[in-house]
Every structure is written in C-alpha cells, then in structure tokens.
Amino acid sequence: NAGVTQTPKFQVLKTGQSMTLQCAQDMNHNSMYWYRQDPGMGLRLIYYSASEGTTDKGEVPNGYNVSRLNKREFSLRLESAAPSQTSVYFCASRLGRGRSTEAFFGQGTRLTVV
Amino acid sequence: AQSVAQPEDQVNVAEGNPLTVKCTYSVSGNPYLFWYVQYPNRGLQFLLKYITGDNLVKGSYGFEAEFNKSQTSFHLKKPSALVSDSALYFCAVTKGDSNYQLIWGAGTKLIIKP
C-alpha cells in the first residue's frame, strides 16, 4: 500500500514564486492535514480538512491556501513564497473524526525559499 | 496555554540498556496521547497511544509508555535499546476542544551507541 504520497520531495523557490504541494492518500481516510516541521519546534499545523469539502485553519495558516480536491487529495499552495516558509512540509491523514485515531504521514517535502 | 514538553533535546543510551524519553503535558480535559518516531529523511510513524484503561501501553518495536495522570506525563520506554532505535521521537496530545488538532512536543533525538 502506498499510504500517503507527497510530491515533490524537494523544491527550491525564489522569493515571490508560487507553487502547490500535492498530497494523496489511498486509505479512504476522512481527515487530512498539512504540517510544517522546523528544527526545535516540532510540528505546527497549517491547515486541515475534517472531511471532503471542508477546510479549516490551523496554528500557522498565513501565506498558505489549501484545497480538498476529493476524498483522496489535499493540496497546499504557497501564493508568494517567502524565506520564512523554508521548512519541511508533511501531509497526514486520519481515518475518522474521533480524537483517538492515529495519523499516517507522507515522507515530506523539503522546501527552500531563496 | 495548552502545551507539550519534551524536556530533553537529546538522549544518549548504550545498546542493551533501558531507555526513557520524557513527555509532560498541560491541556484541558482528558487528552489522548501519542508517540511517533521519525527516521532520517522520512515521515513520522505512529508508535503507540493512550486512550483509556491500563496506564502502561505497549506499542510497536518493543516500545511502551506509561501514562501518569497526576504528574501529567507520558514517558516512552524500552527495556533494552537497539542501535536501530536511534531516531527523533515526538510526543503529541489531543487539543482539549478539538477532534482534529494535536499539540506536538519539539522532539527528542535518541542516540543509541553500540
């Protein structure tokens, strides 16, 4: 099983450029998440989608937009990249709406903004 | 403010010795608690969780964790460390009023020396 697949794995952007990070899961999970990981800060939630057709802001949504295209796919868009958005981005999914279900993560996208 | 603390940035253990990675939390309500592991250049993988019941929870790869409500702690343990256990470990706790959001610790780097 592929699980959670993210593309691309690496990306270098110039300040002001835009890009979309893609995420797809094949586990029929309902909720999907975008996190960023910065050294010494753990994971910070950018946006999440509780179910197909809904999206909500997380802890650090500024500078990002998301689209829950269908149940499988959840994309993250940077409209005008800034050096502060240099980070490793992880997509995750969870089976249900309950608080007890664990998350499955993609392998991450390492983004550098110069 | 709700928070999760992993007080040690790094833990060094000799192979074969027991290991403990510490996690304490401050959240409202009755949280669910999780441990995840991240190997280099990989996404996070679920290790174990505490929902309710027995305070000692067993998980993947021989890991276990002890929930202590009075001390608001959820320490990760293993009786005998392996070199292959070397990785970054994250504690996460459900945010009090959310079915979706987790609060993450900053992570603890575990180094097992042969």
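As a reminder, the structure under discussion sits directly above these lines.
Residues numbered from 1 in each chain as written. Chains lettered and ligands numbered in written order. Predicted model: local features only at pLDDT ≥ 70, side-chain atom pairs only at ≥ 80, totals over all residues. Heavy atoms only, no water.

What follows deals with the pairing of strand E6 (residues 44-50) of chain B. Residues and elements named next belong to chain B. Sheet topology places strand E5 (residues 33-38) next to E6; six bridges connect them, and they run antiparallel. The partner of Gln38 across the bridge, within E6, is Leu44. Between E5 and E6, which pair antiparallel and follow one another directly, the connecting turn spans five residues, one of which, Asn41, has a positive phi of 60°. (Pairing = 2+ DSSP bridges. Helix = DSSP H or I, 4+ residues; strand = E, 2+ residues; numbered from the N terminus.)

All right, on to the layout of surface pockets then. When its volume is computed, the largest pocket comes out at roughly 640 Å³. The wall of the largest pocket is formed by 28 residues, among which Gln37 and Arg110 of chain A together with Gln38, Asn41 and Leu88 of chain B lie closest to the centre. At the level of secondary structure, the elements contributing two or more residues to the lining of the largest pocket comprise strand E9 (87-94) and strand E11 (109-113) of chain A together with strand E10 (87-94) and strand E12 (108-113) of chain B. Reported here for the second largest pocket is a volume of approximately 330 Å³. Forming the boundary of the second largest pocket are 20 residues, of which Leu43 and Glu59 of chain A together with Gln2, Ile103 and Trp104 of chain B lie nearest the centre. (1 Å grid on protein atoms, 1.4 Å probe; cavity = no way out; pocket = protein on both sides within 12 Å on 5 of 7 lines; lining within 4 Å. Points joined across faces, edges and corners; volume = space filled by probe spheres on them.)

Below, the discussion takes up the environment of Gly108 of chain A. All names here are of chain A. Among the secondary structure elements, Gly108 is positioned in the loop between strand E10 (103-105) and E11. Between the C-alpha atoms of Gly108 and Cys23, which are 85 residues apart in sequence, the distance is 9.7 Å. Apart from residues lying up to four places away in sequence, Gly108 is in contact with Gln6, Pro8, Lys9, Tyr89 and Phe90. (Contact = heavy atoms within 4.5 Å.)

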